[in-house]
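Per-entry structural report
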Amino acid sequence: MRLALAKPIEHVHCRSNRLKDISMNAEVSRDTAGTILIIGASRGIGHAMVAEFLNRRWNVIGTVRAGFWTELHDLAEGHKGRVEVETLDINEPDQIGALRDRLSGRVLNMLFVNAGTTTHDEHVHVGDVSTEEFTRVMVTNALSPMRTIEALQDLVSAEGLIGAMSSGQGSITNNEKGMREVYRGSKAALNMFMRSFAAREAGTPRVMVVLAPGWIRTALGGPDAPFSVEESVPKLVDVLLSQQGKPGLQYLDREGHIVPW
Ligand SMILES: NC(=O)c1ccc[n+]([C@@H]2O[C@H](COP(=O)([O-])OP(=O)(O)OC[C@H]3O[C@@H](n4cnc5c(N)ncnc54)[C@H](OP(=O)(O)O)[C@@H]3O)[C@@H](O)[C@H]2O)c1
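In what follows, the accompanying structure is described. Owing to the predicted nature of the structure, the values given are computational and were not obtained by experimental measurement. (Residues numbered from 1 in each chain as written. Predicted model: local features only at pLDDT ≥ 70, side-chain atom pairs only at ≥ 80, totals over all residues. Heavy atoms only, no water.)

**Topic: the overall build of the protein chain**
A count of helical and extended segments in the protein chain gives 10 helices and seven strands. For the protein chain, buried positions account for 49% of its 261 residues. Of all intrachain contacts in the protein chain linking residues separated by at least 6 positions in sequence, the fraction that spans at least 24 positions is 70%. Element-wise, carbon and sulfur atoms account for 53% of the exposed surface of the protein chain, whose accessible area totals about 12300 Å². (Helix = DSSP H or I, 4+ residues; strand = E, 2+ residues; numbered from the N terminus. Buried < 20%, exposed > 50% of the residue type's maximum accessible area, 1.4 Å probe, protein only. Contact = heavy atoms within 4.5 Å. Areas by Shrake-Rupley, 256 points an atom, 1.4 Å probe, with all protein chains shown as cover.)

**Thoughts on the pairing of strand β4 (residues 108–113)**
Extensive coverage of β4 is indicated by the burial of five of its six residues. In this structure, strand β1 (residues 34–39) lies alongside β4, joined through four bridges in parallel fashion. Bridge pairing in β4 places I39 opposite V113. Pairing analysis gives five bridges linking β4 to strand β5 (residues 156–165), with the strands arranged parallel. Looking across to β5, one finds that M110 is bridged to L161. Handedness of the crossover joining β4 and β5 through helix α8 (residues 131–152) is recorded here as right-handed. (Pairing = 2+ DSSP bridges. Right-handed = clockwise from strand over helix to strand, strands pointing away.)

**Examining the site of the ligand**
Neighbouring the ligand are 28 residues; S42, R43, Y183, I216 and T218 lie closest to it. Between K187 and the ligand, the recorded distance is 3.0 Å, taken from a side-chain N or O atom to an oxygen atom. Considering the ligand on its own, with 880 Å² of exposed area, one finds that the protein chains cover 95% of that surface. Breaking the shell around the ligand down by element, the ones donating at least two residues are α5 (44–55) and α9 (181–200). Of the residues assigned to the shell around the ligand, the class counts are 11 nonpolar, 12 polar and five charged. (Near = heavy atom within 4 Å. Polar contact = N/O pair within 3.5 Å; in protein donor to acceptor, adjacent residues only side chain to side chain. Nonpolar A, V, L, I, M, F, W, Y, C, P; charged D, E, K, R; others polar.)

**Things to note about the packing of α5 against helix α10 (residues 229–242)**
Think of two packed helices as two axes; the pair is described by the angle between the axes and how far apart they sit. Orientation of α5 relative to α10, taken along the N-to-C sense of each, is 65°, at an axis distance of 9 Å. The handedness of the crossing between α5 and α10 comes out as right-handed. On α10, the residues touching G44, I45, A48, M49, E52 and F53 of α5 are V229, V233, P234, L236, V237, L240 and L241. Here the residues of the contact of α5 with α10 sort into 11 nonpolar, one polar and one charged. (Axes fitted to C-alpha atoms, helices over the stretch in contact; angles between N-to-C directions. Left-handed = near helix turned anticlockwise from the far one by under 90°.)

**Some details on α10**
Across its 14 residues, α10 extends 20 Å between first and last C-alpha, which sits within 8% of the 20 Å expected from 1.5 Å per residue. Buried residues of α10: V229, S232, V233, L236, V237, V239 and L240, and no others. Summarising the axial view, the buried residues of α10 lie within an arc of 155°, below the 170-degree limit, and thus occupy one face. Those residues of α10 that are buried are in contact with α5, β4, β5, β6 (207–212) and β7 (248–253). (Expected span 1.5 Å × (residues − 1). Arc of directions from axis to C-beta.)

**Some words on the packing of aromatic side chains**
With the rule as written, the count across this model stands at two aromatic pairs. An angle of 70° between the planes, with centres 5.3 Å apart, marks the rings of F53 and W58 as edge-to-face. Between R195 and the ring centre of W261, over which it is positioned, the NZ or CZ distance is 4.8 Å. Between the NZ or CZ atom of R254 and the centre of the ring of F227, over which it lies, the distance is 3.7 Å. (Phe/Tyr/Trp six-rings, centres within 6.5 Å; stacked < 30°, edge-to-face > 60°. Lys NZ or Arg CZ within 6 Å of the ring centre and 35° of its normal.)

**Things to note about the pairing of β5**
Of all 10 residues that make up β5, eight are buried, and the element is covered over most of its length. As paired strands, β5 and β6 are joined by five bridges and run parallel to one another. For M165, the partnering residue across the bridge sits in β6 and is L211. Viewed along the sheet, the connection from β5 through α9 into β6 turns out right-handed.

**Some details on the nonpolar core**
In this structure, M49, V50, F53, L211 and L240 are the most contacted members of the largest nonpolar core, which totals 32 residues. In contact with L240, not counting residues within four places along its chain, are M49, F53, M110, F112, L161, V209 and L211. Residues L103, L108, V156 and M194 belong to the second largest nonpolar core, which totals 29 residues. (Core = buried A, V, L, I, M, F, W, Y, C linked by side-chain atoms within 4.5 Å.)

**Digging into the sheet that holds β6**
Here we have seven strands laid out as an open sheet, ordered β3-β2-β1-β4-β5-β6-β7, and parallel in their pairing. On the outer flanks of this sheet lie β3 (83–87) and β7, each paired with one strand and no other. On average, each strand axis in the sheet is inclined to that of its neighbour by 20°, with strand direction left out of account. Contacting β2 (58–64) and β3, helix α6 (residues 71–78) crosses the sheet at an angle of about 150° to β3.

Written as structure tokens, this is what we have:
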């Protein structure tokens, strides 16, 4: 998937010059509703979230994995002063620390970890999956989002929002059909870790959300999903914006309805 989007690597090497141009346009970015950092914004839902937050007058910092020209780079070129492209592989703790250092002094109104993955065979039973595959999915979907949130949370304003992209399949209560077992387990683990994080934040004005976006046609969701990115992402952004000023953790679907844990 990433190779299909790739442009020659030398374009990526120009990125630092382009970011200088963006910071020179700081005047433009002052007319803004806020700043959100979206982790995992190269394509799919994350990329569309960047575009939608721009529509809502937000400035966006989006992350991609290094070495590939992505749809986010194209979006940044069309919105100078309002989109910054940062690099992060969430499975590389050193890169999380480096991003934290680069963003030092910035104030975020929202931090949203969208990055996620699934098993190559989505129907593999948990007892049959290789340890390597299990580890890759669990680390990417549960451990790495939490490491990212823990490392970057102090950049978020006191009453700001910290969110992560979960899934309806992370609901233990609603799991009556099984299927996608490893993916389900990884998102249930993410939900549990977010609840632990939220317990530590109890009594603060911090807003926290785990989202269940619905089944959406992306590389991960596949072609049979009932919902398009275009119809889904404005709803997801509505839900995040609606939570501002509401401290505590919520597990919400695309309509803003509570999902049972
Ligand atoms: N589509 C659905 O039906 C659906 C339903 C429920 C939940 N979700 C969740 O929604 C989120 C986005 O999914 P999507 O459907 O948009 O999938 P997608 O098109 O496959 O995009 C996945 C995104 O995650 C990034 N990513 C994966 N591993 C990463 C890593 N180690 N470090 C940094 N970025 C990484 C990818 O970056 P690269 O381009 O570098 O690979 C890409 O930007 C995921 O958390 C997914 O579990 C999706």
